[in-house]
Amino acid sequence: MQESCPWWMSGILYQIYPRSFQDSNGDGVGDLRGVIQRLPYLVELGVDALWLSPIFPSPMEDFGYDISDYTGIDPLFGSLDDFDALVAAAHELGLKVILDLVPNHTSEQHPWFIESRSSKTNPKRDWYIWRDPSGEGGPPNNWLSEFGGSSWEFDAVTGQYYYHAFRRSQPDLNWRNPEVRRAIHNVMRFWLRRGVDGFRVDVMWHLIKDELLRDNPPNLDYVPGQQPYQQLIPSYSTDRPEVHAVVAELRQVIEECDDRVLIGEIYLSPEKLVAYYGRDLAGAHLPFNFALISTPWNARAVAKLIDDYEAALPPGAWPNWVLGNHDRQRIASRIGGDQARVAAMLLLTLRGTPTLYYGDEIGMPQVDIQPDQVRDPWEKNLPGLGVGRDGCRTPMQWDSTPQAGFSATEPWLPLSRNFASENVMTQRQDAACMLSLYRALIALRRARPELALGTYKPLGATESLLVFAREHHDRRSLVALNFGREPVSFETNSSRGRILLSTVMDR
Ligand code: NOJ
């Protein structure tokens, strides 16, 4: 792209779940050397940046989202030398590297928490959220853990409860404490100096909690059978007004270096989400917009979502779109293979930075996980509710060899049944397959400034047809997407033009 804009605006991001991308040492779990081996594939695909889910030392009870050392690499993934080699190799190939920053909570095995829990007078006591039991002797308030049960854990050593938004082995840091803020800022600086190009910040909207720890109100729309967490509206435990000052500080650290990006993981409605751009856009560059993952898959609903999101964006804020990640059902299984092609075209023609989830570009399905194969702590806590995330975290399907080219041994999660026919190797040879479509879409987006940077102009939607234009200076691309099973016709009053790309491709 000739025009000068930050790389993360015109660029395409690609999420790697490191456990499942490429195993280089035959232990069945992916690692950093494996990622290095596969960098040329990312270049071939045409993406600009890779985001690595956590690679830091961890007891792995939440597969790395429970960190016991923020400035190391878990031996399962390699070493700091391997990490440096990865950054150097990626940069050499023109790829940016984004790390996962998990500042809301640590592992209970983090030295900070070990100190904090040791006594009420320990200097790190206030680094976490400790409270006396309530008057009746139970937890301090009614807040629930996202993973089920109370979010308060009683600690017999000091007779107080600590707060954990997720597993009880993931105590929340106290972001009201300036020492905690400084410590995490220094973690960011550590990685920025090692050359990382930005961070995806885990559960950004959870970072700060109500100072008075007021009870969350009941959710009157709760239906039994839903996740227990949804029984309450988390209005006091998440998305507090004070969070924006915290995010602005993270951004200031990012601004200490040139050209870095701050991305926030935030599950909120578009109206609330956009506040995370911050006052004067001094917050996250890209508060992740996950709305496509939860919106019903029909043209009218998606058109409304795009309009609502575009309307909610503050002036100058740059949008972004996501179809899947390591916490949500795979798009190909959610809406079916044919529609996953339409979704690919939508993702790569909308205004805003697209993030691809590894494997979606070859149409990887949600894999059925048998009860004895479950690894996800959320599923283990709440079996039967459909919260399991293992099915979207299965090994990347590289080729048709016994372990799909992912590993020399049995992988930590099962491969999908279709791996022998649907993999990078087979799809490279098939001009009509999902990988070819993704590559063509990415190439088109890179070649046409209106697709990467142009305005979004809605041109109408029915139940099955969504039509919009992207315009930039004198260039215009028209996008028409059929969300239905039947062919639909569409007339344009423009007499000029040609078909650039169709989701139905010739073999
Ligand atoms: C959000 C992450 O995406 C998810 O995988 C993790 O379990 C929770 N945060 C807790 O860290």
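Remember, it's a predicted structure, so these values are computed and weren't measured experimentally.

What counts and how
Residues numbered from 1 in each chain as written. Predicted model: local features only at pLDDT ≥ 70, side-chain atom pairs only at ≥ 80, totals over all residues. Heavy atoms only, no water. Pairing = 2+ DSSP bridges. Helix = DSSP H or I, 4+ residues; strand = E, 2+ residues; numbered from the N terminus. Salt bridge = Lys/Arg side-chain N within 4 Å of Asp/Glu carboxyl O. Buried < 20%, exposed > 50% of the residue type's maximum accessible area, 1.4 Å probe, protein only. UniProt positions renumbered as here; feature names shortened; annotations may be inferred. Phe/Tyr/Trp six-rings, centres within 6.5 Å; stacked < 30°, edge-to-face > 60°. Lys NZ or Arg CZ within 6 Å of the ring centre and 35° of its normal.

Go over the sheet that holds strand 4 (residues 130–131), please, and point to the residues and values.
Strand order in this open sheet of three strands is 4-6-5, and the pairing throughout is antiparallel. Edge positions in the sheet fall to strand 4 and strand 5 (152–155), since each has one partner strand and no second. Direction of pairing for strand 5 relative to strand 6 (residues 160–163): antiparallel, over a ladder of four bridges. Its bridge partner being in strand 6, Asp 155 is matched across the sheet by Gln 160.

Tell me about the pattern of salt bridges, and name the residues and values.
This structure, assessed with the given rule, holds 33 salt bridges. The salt bridge partner of Asp 155 is Arg 117, with a shortest N-O separation of 3.1 Å. In this pair, Asp 155 is assigned in strand 5 and Arg 117 in helix 4 (residues 111–118), connecting sequence segments 38 residues apart. Looking at Arg 117, the relative accessible area reads 23%, which means it is partly exposed. The residue Glu 255 makes a salt bridge to Arg 251 at a minimum N-O spacing of 2.6 Å. With Glu 255 and Arg 251 both in helix 6 (residues 243–255) and four residues apart, this pair spans about one turn of that helix.

Pulling in residues and values, what's your account of the UniProt feature "domain: Glycosyl hydrolase family 13 catalytic" (unreviewed entry) in the chain?
Residues annotated by UniProt as "domain: Glycosyl hydrolase family 13 catalytic" (unreviewed entry) correspond here to residues 15–393. This span, residues 15–393, is 29% helix and 11% strand, and a straight line between its end C-alpha atoms measures 11 Å.

Can you explain the packing of aromatic side chains? Please cite residues and give values.
Tallying each qualifying case throughout the model produces 29 aromatic pairs. One aromatic cluster is present, formed by Tyr 14, Phe 21, Tyr 41, Tyr 357, Tyr 358 and Trp 398 through successive ring pairs. The ring of Trp 412 has Arg 19 lying over it, and the distance from NZ or CZ to the ring centre is 4.1 Å. Above the face of the Trp 127 ring, Lys 124 is positioned so that its terminal group lies 4.7 Å from the ring centre.

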